[in-house]
Amino acid sequence: MTEKKMGIPFGTICITDTAKRLINEALDSKRISSGKLVREFEKKFAALYGVKEAVAVSTGTDADALALAVLYDYGAHRGDEVILPALSFVATGNAVLHAGFTPVFVDVERETLNINPDLIESAITEKTIAIMPVHLMGKPAKMDEISKIARKHHLKVIEDAAEAHGAEYKGKKVGTLGDLAAFSLYVAHIITTGEGGIVITNDTEKAEILRSLRSHGRACKCETCVVSTGSGYCAKRFNNPAHTDIRFVFERFGFSCKMNELEAAIGLGALEQYAAILTKRTHNLHAMMQVIQKYDKYMFTIQEEAHEKIGPHAFPIILKEGTGFTRDALVNYLEKNGIDSRNMFQTMPTQCAGFKYLGYREGQFPESDYIADNGLHIGVHQDITDEQINYLDRVLEKFVNEKQRTL
Ligand SMILES: Cc1ncc(COP(=O)(O)O)c(C=O)c1O
């Protein structure tokens, strides 16, 4: 008997009644550019992470770029170098360029998908200012080793935690392990605003700089109020000329990437559901890990080690060497059976055209190339049921059996 195609979509989005109500209120008030909802979202996001500050922006890429651009206020220069993994979503490398720095790529480890700390020190030069580890697929990077190297060489650590909502490392939340951390809030992510990003830090001065950076480099403090207005606009100046008009005072080079009220409304709704979503996704992640275990002759996924919790962003599958079939064969089979997938990210320095000018050579990042050429990821989201995970198991079993017969 042929089985009915059940299908597993790659992603989903949760737009709550709270979000809809807040969106309508914002629309009715005609105040939809960055305002009180954005500030409320930032406050709640910071509270969730137990940090002092959260600064919301338009995208996760902007969050990465701004977190890096803060370093100009601390002596960094254009063209200084940032060390990052060769394998990540291309946004990580793009953000380094957006911020005006030079990306220096380091290979990853096949089993963790993350930057290999043993290769970092040899990539450090007198121009290195920061290390930007990525917690790919929610698997925490080896932060103890990375932080030790950073301390030794006086480098900043900026976490790209775009995919790591809910991840933990040695009892601490991923995103609180470096100097600053950037999250994406794009629809594919656990907490989403549709499009969006957010930077978190415990350093209030850095948060002020981030608020300035997201708004053209504008001064953010009225000299009389001294406290940040968030937007470069002091409402008190209408009644009291001592309060400064800082809307056209630009203290540093800047970006234009504020979050708007409609996005913040979606985010506030998502935060209400966050605990339930995280629990369900974690359940799905663990169930899928068990499924993959059955086919470990052919494929593997990331492992959750005792010291960590993986943030269940998506579910990576990497084919092992010598299986006799290709990643595309598996992808096509999954697709034919209604299971959405995405290929794994590419090796930025050699497979993404935007970095070719840096002159890296093919084969310089063997582990990254292996994952890029043999990896894929599928959804692990909250709408996936146990029944669908069982279906995934049956589809994989059929695929493997069919391949075995033809090999
Ligand atoms: C590792 C990583 N960094 C940065 C980003 C950029 O986020 P956005 O798409 O919100 O710009 C993403 C996006 O998913 C990502 O996966």
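Residues numbered from 1 in each chain as written. Predicted model: local features only at pLDDT ≥ 70, side-chain atom pairs only at ≥ 80, totals over all residues.

### Considerations on helix 11 (residues 386-406)
Inclusion rule: For the purposes of this entry, the term helix denotes a DSSP run of H or I that reaches at least four residues, the term strand denotes a run of E that reaches at least two, and both are numbered from the N terminus. Any helix carries an expected span of 1.5 Å times its number of residues minus one. Buried, partly exposed and exposed are defined by the number of other C-beta atoms within 10 Å of a residue's own C-beta, namely 20 or more, between the two limits, and 12 or fewer respectively, with C-beta atoms placed from the backbone. This arc corresponds to the set of directions leading from the helix axis out to the C-beta atoms. The contact criterion used here is simple: two residues whose C-beta atoms, placed from the backbone, lie within 7 Å are in contact.
Spanning 21 residues, helix 11 covers 31 Å between terminal C-alpha atoms, matching the ideal 30 Å at 1.5 Å per step. Of the residues making up helix 11, those classed as buried are Tyr391, Leu392, Val395, Leu396 and Phe399. Taken down its axis, helix 11 places every buried residue within 135° of arc, on the same side. Facing away from the buried side of helix 11, by more than 90 degrees, are the exposed residues Asp386, Glu387, Asn401, Gln404 and Arg405. Packing partners of the buried residues in helix 11 comprise helix 7 (261-293) and helix 8 (327-336).

### Observations regarding helix 8
Side chains of residues three or four places apart in an α-helix project in the same direction, reflecting 3.6 residues per turn. For helix 8, every residue scored as buried is listed here: Arg327, Leu330 and Leu334. Viewed end-on, helix 8 has its buried residues packed into an arc of 65°, placing them on one side of the element. With respect to the buried face of helix 8, the exposed residues turned more than 90 degrees away are Asp328, Glu335 and Lys336. The elements touched by buried residues of helix 8 are strand 12 (315-319), helix 10 (366-374), strand 14 (375-378) and helix 11.

### Structural notes on the site of the ligand
In plain terms, the rule: Note on definitions: a residue is near a molecule or strand provided its C-beta atom, placed from the backbone, lies within 6 Å of it. Under the convention adopted here, Pro, Cys and the residues Ala, Val, Leu, Ile, Met, Phe, Trp and Tyr are nonpolar, Asp, Glu, Lys and Arg are charged, and Gly plus all remaining residues are polar.
Taken together, 16 residues form the shell around the ligand, and within it Thr59, Gly60, Ala91, Ala162 and Ser184 come nearest. Its residues placed into classes, the shell around the ligand shows six nonpolar, seven polar and three charged.

### Regarding the sheet that holds strand 10 (residues 299-300)
To keep things clear, this is the line we draw: Being paired, for any two strands, means DSSP has found at least two bridges between them.
In spatial order, the strands read 10-12-14-13; together these four strands make up an open sheet with antiparallel pairing. In the strand order of this sheet, the two ends are held by strand 10 and strand 13 (342-343), each with one partner.

### Considering the confidence of the model for the protein
In plain terms, the rule: As a per-residue measure, pLDDT tells how confident the predictor is, with possible values from 0 to 100.
Summary statistics for the protein give a mean pLDDT of 94 and a share of 94% for residues scoring 70 or more. Per-residue pLDDT, averaged within each element of the protein, yields its smallest value for helix 11 (94) and its largest for strand 2 (residues 81-85) (99).

### Thoughts on the sheet that holds strand 7 (residues 172-173)
Remark on secondary structure: sheet strands pair via backbone hydrogen bonds, oriented parallel or antiparallel. Taking strand neighbours across the sheet as the criterion, the three strands line up as 7-6-11 in an open arrangement whose pairing is antiparallel. The open sheet has two edge strands with one neighbour each: strand 7 and strand 11 (308-309). The pairing of strand 6 (residues 168-169) with strand 7 spans two bridges and is classified as antiparallel. Bridge pairing in strand 7 places Glu168 opposite Lys173.

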